[in-house]
Amino acid sequence: MSWDPIGKTETQWASANLTDYEGARRKFTWEQAREYLSGLPGGQGLNIGYEAVDRHASGPRRDKVAIRFLGAGGAVTELTYAMLYQLTSRFANLLASLGVQPGERVFSLLGREPDLYVAALGTLRYQGVFSPLFAAFGPEPVRQRITAGDGVVLVTTPRLYEAKIAPIRHLLASLRHVLVTGQGKTPPGTSSLDDLMAAVADHFTVAPTDPQQMALLHFTSGTTGMPKGAVHVHEAVVAHNMTARLALDLHPDDIFWCTADPGWVTGMSYGIIAPLTLGVTIIADAGEFDARRWYQQLAEQRVTVWYTAPTALRMLMRHPPELAKEHDLSRLRFIASVGEPLNPEAVAWGQRTLGLAVHDNWWQTETGAIMISNFAGLEVRPGSMGRPLPGIDATILERGEDGRALIIDGQVRPVPSNVDGELALRPGFPSMFRGYLHEEQRYEKCFAGGWYLTGDLARCDEDGYFWFVGRADDVIKSAGHLIGPFEVESALMEHPAVAEAGVIGKPDPVAGEIVKAFVTLRTGNVPSDELRLDLLAFGRRRLGAVAPREIVFDQNLPHTRSGKVMRRLLKARDLGLPEGDLSTLESAHE
Ligand code: AMP
């Protein structure tokens, strides 16, 4: 197998990653990127699970640690590639024994623990479709997603089951099996994952897999409507692998820590799939953010490549630099960040405190893999998301009054350098989503003039670097998590006192934005602190991590002529900006 898709040997590109950016773009082809993967034996297609597991388990890396789990209480569990093969084989055989058909959806509601990784990779090897849910979601987002995704199997813990699934189980019509982890008592209506796993064989041969077959379903949010399920296919692994090498500078001997939760797309594409296809050792940390522990972990685990998010970096930046200096971080050689704007200050802080610049990159659920990046071999341009990966064409399109790309007779127009517009990508790369499940029209509306419209506003400088400006729509980014205001408004409106709600992202120095709700009460209800606290608790119970953090009463919510709440106006008011001045509003996003 060749390790050289762009005209250099592995060691050559390793020491000078993409220093010849233009040359790499010219020489690059997806066919060559595909050569980094093995494919199923006998040319029987391409399967993400096979590339991540089988291929290493049957070769020289079989006894190498694939995943090192750091449990919340300090317990460390290691799975080698060979062990991962056995466990995921059991999971695949278990799906077969339950009568699950390839193509059916398997959901997880789990923290960063071994069962999640085993379920994901076992499902992919089996050719089921895996859909991970963020364990901090409340019952409502969980119900929405399992229902919209026709989930037939759910893997969760007994505790999460009792808290979030049992109360809504009767509403989950498609769900045939709930498998609970651990050795304790299984709640009624569930089966023990361990018992079922023990009853099946630890060997499973991946069947021929069409690269265009659906593999992953990732839910994401838009301005309107409920979350949409972005469909990704097995071929996406070509982009996962290529971008991990080129944007994250990942090599087979690296120790890699991606801090994103696999309940979101970054945690799946880069917290599981991409690094395993390269045969690296990944660190999976069950714990939440803690500055001292994080530094300790970087040092003790000898992490070499670290992929994190601006919110986490901003939280670290609040601590004195001495805290970092107490730890031996000499192994760390590359830091990347994604998910929200990375302040130039964070890049400089990285340089000062860790001796490494932070490399920002950009992508979204729909693109499945990194699209725009600052590269290891080139100087970071602080504040910029970087340049498109080889094989990726990006542009900025002129926008209309609604902030989105201006479409005239189905055509769009690119703008000159340094002019703001909607960021658009040429579709056709392997990790591009293939649809929103059951929502053809929503999918079609994402394209115009041969471009995929990302919903982000950006500009491109004369050197081809892209700069994030803001969102063209009303979605909220809080601590790197994309939250749809409609989903939050709908949940609040189920409270008997609420007539209407408008939800916005309020700028926050650490999380980027927090969810803030403006609520109109039904006649007969009087605003009070008690009611506000009741609404906050109601939101938390239903929505979990995506619940509003602030609620204010507002009996005069602004409306469009068609009767929709004008969130942008709410936002402008909240910021004390001239009402409706969108350009001012957008610069406030930056
Ligand atoms: P998600 O689909 O949840 O991964 O969120 C994708 C969105 O996060 C993008 O459309 C952007 O709005 C935002 N985003 C991702 N990466 C960056 C970045 N490097 N800078 C600014 N915003 C980003």
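Everything below is about the structure printed above this text.
Treat the numbers as computed from the prediction; the structure is a model and nothing was measured.

Trainee: For this particular structure, what's the right way to read the packing of aromatic side chains?
Mentor: According to the stated counting rule, one finds 20 aromatic pairs in the structure shown. A centroid spacing of 5.0 Å and a plane angle of 65° characterise the contact between W257 and W294, whose relative ring orientation is edge-to-face. One end of the pair, W257, is in strand 10 (residues 255–258); the other, W294, is in helix 12 (residues 291–300), and 37 residues separate them in sequence. Assigned by exposure class, W257 and W294 land together as buried. Here Y270 and W363 contribute two aromatic rings whose centre-to-centre distance is 5.3 Å and whose plane-to-plane angle is 75°, an arrangement assigned as edge-to-face. With a gap of 93 residues between them, Y270 in helix 11 (residues 265–277) and W363 in the loop between strand 14 (358–362) and strand 15 (372–373) connect regions that are remote in the sequence. By relative accessible area, which is 0% here, Y270 ends up buried. One aromatic cluster is present, built from ring pairs that chain together F433, Y436, Y443, F447 and Y452. The ring of Y36 is capped by R245, whose NZ or CZ atom sits 3.2 Å from the centre of that ring. The side chain of R387 reaches across the aromatic face of Y21, ending 4.1 Å from its centre.

Trainee: Just to check I follow, could you spell out the pattern of salt bridges for this structure?
Mentor: A pair can form between side chains of opposite charge whenever their charged atoms are brought close. Applying the stated criterion across every chain yields a total of 37 salt bridges. R333 is the salt-bridge partner of D254, the closest N and O atoms lying 2.5 Å from each other. Here R333 lies in the loop between helix 14 (321–325) and strand 13 (334–337) and D254 lies in the loop between helix 10 (236–246) and strand 10, a separation of 79 residues in the sequence. Given a relative accessible area of 3%, D254 falls into the buried group. Between E513 and K571 there is a salt bridge, and its shortest N-O distance comes to 2.9 Å. Pair noted here: E513 is in strand 25 (residues 512–521) and K571 is in helix 19 (residues 567–575), with a separation of 58 residues, a long-range link.

Trainee: Can you help me understand the pairing of strand 20 (residues 451–460) in this one?
Mentor: Looking down a regular strand, the side chains alternate between one sheet face and the other. Most of strand 20 is tucked away: nine of the 10 residues are buried. With four bridges joining them, strand 18 (residues 421–425) and strand 20 adopt antiparallel strand pairing. The partner of A424 across the bridge, within strand 20, is L453. In this structure, strand 19 (residues 447–448) lies alongside strand 20, joined through two bridges in antiparallel fashion.

Trainee: What's the story with the sheet that holds strand 10 in this structure? I'm lost.
Mentor: Sheet strands associate in pairs through backbone hydrogen bonding, adopting either a parallel or an antiparallel arrangement. What the nine strands build is an open sheet, ordered 2-1-11-10-12-13-14-15-16; its pairing is mixed. Both edges of this open sheet fall to strand 2 (76–80) and strand 16 (387–388), since each of them pairs with a single strand only. Across three bridges, strand 10 lies against strand 11 (residues 281–285) in parallel orientation. When the sheet's bridge partners are listed, F256 is paired in strand 11 with I282.

Trainee: Quick question: what am I supposed to make of the packing of helix 4 (residues 48–57) against helix 11 here?
Mentor: Between two packed helices, both the angle of their axes relative to each other and the distance between the axes serve to describe the pair. Packing of helix 4 against helix 11 brings their axes to within 8 Å, and their N-to-C directions diverge by 50°. Classified by the interaxial angle, the pair formed by helix 4 and helix 11 is oblique. The way helix 4 lies across helix 11 gives a crossing that is left-handed. From helix 4, I48, E51, A52, R55 and H56 reach across to helix 11, where they touch I273, L276 and T277.

Trainee: Please explain the site of the ligand as it appears in this structure.
Mentor: In the vicinity of the ligand, 17 residues are found, and the nearest of them are N361, Q364, T365, D456 and K477. Side-chain polar atom of Q364 to an oxygen atom of the ligand: 2.9 Å apart, as the coordinates give it. At 2.9 Å, a side-chain N or O of D456 approaches an oxygen atom of the ligand. When isolated, the ligand has an accessible area of 500 Å², and the protein chains bury 96% of it. When residues of the shell around the ligand are traced back to their parent elements, those giving at least two are strand 14 and strand 21 (466–471).

Parameters at a glance
- Residues numbered from 1 in each chain as written.
- Predicted model: local features only at pLDDT ≥ 70, side-chain atom pairs only at ≥ 80, totals over all residues.
- Heavy atoms only, no water.
- Phe/Tyr/Trp six-rings, centres within 6.5 Å; stacked < 30°, edge-to-face > 60°.
- Helix = DSSP H or I, 4+ residues; strand = E, 2+ residues; numbered from the N terminus.
- Buried < 20%, exposed > 50% of the residue type's maximum accessible area, 1.4 Å probe, protein only.
- Lys NZ or Arg CZ within 6 Å of the ring centre and 35° of its normal.
- Salt bridge = Lys/Arg side-chain N within 4 Å of Asp/Glu carboxyl O.
- Pairing = 2+ DSSP bridges.
- Axes fitted to C-alpha atoms, helices over the stretch in contact; angles between N-to-C directions.
- Parallel < 35°, antiparallel > 145°, perpendicular 65-115°, else oblique.
- Left-handed = near helix turned anticlockwise from the far one by under 90°.
- Contact = heavy atoms within 4.5 Å.
- Near = heavy atom within 4 Å.
- Polar contact = N/O pair within 3.5 Å; in protein donor to acceptor, adjacent residues only side chain to side chain.
- Areas by Shrake-Rupley, 256 points an atom, 1.4 Å probe, with all protein chains shown as cover.

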